[in-house]
Each structure stands twice: as structure tokens, then as C-alpha cells.
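Architecture at a glance
One letter stands for each residue in the lines below.
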Amino acid sequence: MSSAPGAAAPAVLTSLIGEAAGRRATAAQTIEHLRLWDPDSSVAPEGRRPRVALNMACTADGRTTLKGRSGPIGNRADRELFHALRTTVDAVLVGAGTARAEGYRRLVRDEAHRQLRRERGLSEEPLACIVSASLALSPESVPLLADPAARVVILTSSPAGELPAGAPEYVRAAHEGKLDLQAALVELRARWGVRTVLCEGGPHLNGALLAAGAVDELFLTLAPKLGGGSDPQASLRIVCGPELDPPVELELRDALESEGCLLLRYEVSR
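First, a word on what this report is: a plain description of the structure on this page. Small disclaimer: the values here were computed from a predicted structure and weren't measured. (Residues numbered from 1 in each chain as written. Predicted model: local features only at pLDDT ≥ 70, side-chain atom pairs only at ≥ 80, totals over all residues. Heavy atoms only, no water.)

Topologically, Pro242 is positioned in the loop between strand 11 (217-223) and strand 12 (250-258). For Pro242, a relative accessible area of 74% gives the class exposed. In this structure the C-alpha to C-alpha distance between Pro242 and Ala208, which are 34 residues apart in sequence, comes to 8.7 Å. (Helix = DSSP H or I, 4+ residues; strand = E, 2+ residues; numbered from the N terminus. Buried < 20%, exposed > 50% of the residue type's maximum accessible area, 1.4 Å probe, protein only.)

Right, dumping it as C-alpha cells:
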């Protein structure tokens, strides 16, 4: 995709491993090469739920936020990869806390990116899926809920209750009082034809998905920054919650570098 007249040239990412080592490409070209929207690339191993990828960024000392936001962590290449990934999937999944902290808005705001989704046979806007147990969400805290162009589904363990504003749809799937993520993902596929899901956190949602065996790959940006700090809430890692036993094994598939940032792609071992 070419840049608009007067726009800054896209960041360049350099491949570090494999046959592609030394190859230079933009984030858009990198994602185009992966073709994550193709049916052959969008099947989970067991075939019933959508394929799920996590997309996270952290500092070199493991922090996922700086002053409460994830935005200051990555660089231009990370941001461009973030938006390029949204052009490839049927749905974006996010926890309510992250949606509030980051002030989630319409997921694909650039017309060129919406056109690209149409060319790939996808809907113009991904299904926005927000995980919330308490349904403590509002258009003031999450502007996405007030956007008429957005398609929103709330995933919750609550058997009743609805948001006070907006008109989202609901997936209600509970097991022992908690959200049954496997069942919720299967329902997303059955009701909305969702084949691919991009989860953008937060760390507790990531941990729950991994514990449920519902993650297939991880896109991880490792930024050349140190955040420090001793407050556990301010220095969350990319995965939080109970210890994963056994640990989830990963296989490195891609490693890219841009201005000191490492952009890594892992596949979850089975």
C-alpha cells in the first residue's frame, strides 16, 4: 500500500532469521506475506473455534504500560503493524479494563484500510468483542460503544443485564461463575462466522485464554525501553493470572527489527 501524498514513509522492518534474513519490508508488506485472512491460515487446530492470535508490546523489563497506557511502549513500526493486523481478522477481542484504559474507538478508521479489508473478502469493520463480567462499560469510557459504524459483541459470564446505552449483542457463556472462553469463541464462529480473532489484551485476558488452550500464536513487540517501578498493577507482564502449568511452549516463526524494536511472531506448540 502506498503512502498518501505528503504522508511520512512507512517504517521499514528487517527480517533477522531464516531464508528471509536481511529482507526489508513495511508492516503492511509483512502482513500481506502472512495472508492471515486466507481460509487455510484461519483454522484452529481442533477446528471448532476461531484461530486466536495475541498482539502485545512490552518494555525490555517486561512492562506492558507506561503511565497506564500501552501506546508509549512501541515505535512507529509497532503501531503500523498493530493497524495492519486489524486489516486481516474477523474480530478483535479485548478486556473491558483495557478498552476503558485505552479509550477504544472504531477499530479501522482509515479508509484505505477499510478498502483493503473489502478486497480481502472481509467486512469493512472487524467485530469488536469486549470481555466484561460486570458490564461496567459506557460510551464515555469506551467511545467505541457510541460509534454507529462499530459492530460490538459483549462476552460475559453474567446471565442477565445489559449495558445502559448502545445496542451491542451478547455472548453469555459461564462455567463455575467465570466466562467460558472456549464456549464463547465457538459461539462467535457459529453466530457471526468468525474464523480469526486478534486479542489485544489485557494481560489477565491473555492468561485466561492461554489457560483455556485457546491461543494459536503471539505477536510480541519488545521495545528497547526500561520502565522500572515496583507497583505490581503498574508493571503487569503480557500474561497475568495463575501460573500456567505446564508452561505454554512457543516456536519462533518470525523476528523483525526496526529502530531497535524487536517484532516477534511465535506459534503456540501443541
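A separate point is empty space enclosed by the protein. A complete count under the given rule lists two cavities of 30 Å³ or more for this structure. Approximately 120 Å³ is the volume attributed to the largest cavity. Those elements that place two or more of their residues in the lining of the largest cavity are helix 1 (27-34), strand 12 and strand 13 (261-268). At four residues, helix 1 tops the list of elements feeding residues into the lining of the largest cavity. Here the residues of the lining of the largest cavity sort into seven nonpolar, three polar and three charged. Of the voids in this model, the second largest cavity is the one considered here, and its volume is about 100 Å³. Lining the second largest cavity are 13 residues; nearest its centre among them are Leu36, Ala53, Val89, Thr196 and Glu217. Of all elements in the fold, only strand 3 (51-59), strand 10 (196-199) and strand 11 reach the threshold of two or more residues within the lining of the second largest cavity. (1 Å grid on protein atoms, 1.4 Å probe; cavity = no way out; pocket = protein on both sides within 12 Å on 5 of 7 lines; lining within 4 Å. Points joined across faces, edges and corners; volume = space filled by probe spheres on them. Nonpolar A, V, L, I, M, F, W, Y, C, P; charged D, E, K, R; others polar.)

For helix 2 (residues 76-86), every residue scored as buried is listed here: Ala77, Asp78, Leu81, Ala84, Leu85 and Arg86. Its side-chain oxygen at 3.2 Å from the backbone nitrogen of Ala77, Asn75 defines the N-terminal cap of helix 2. (Polar contact = N/O pair within 3.5 Å; in protein donor to acceptor, adjacent residues only side chain to side chain.)

Time to look at the pattern of salt bridges. Inspection of every chain in the model, using the stated rule, returns 21 salt bridges. We note a salt bridge from Asp38 to Arg35, for which the minimum N-O separation is 2.9 Å. Overall, Asp38 belongs to the partly exposed group, its relative accessible area being 22%. A salt bridge links Arg114 to Glu111, with the shortest nitrogen-to-oxygen separation between them at 2.9 Å. With Arg114 and Glu111 both in helix 4 (residues 111-119) and three residues apart, the pair spans about one turn of that helix. Relative accessible area serves as the criterion here: at 11%, Arg114 is assigned to the buried category. Here Glu111 falls in the partly exposed class, since its relative accessible area comes to 40%. Because the salt bridges share partners, they merge into one network encompassing Arg106, Glu111, Arg114, Arg118, Glu124 and Glu125. (Salt bridge = Lys/Arg side-chain N within 4 Å of Asp/Glu carboxyl O.)

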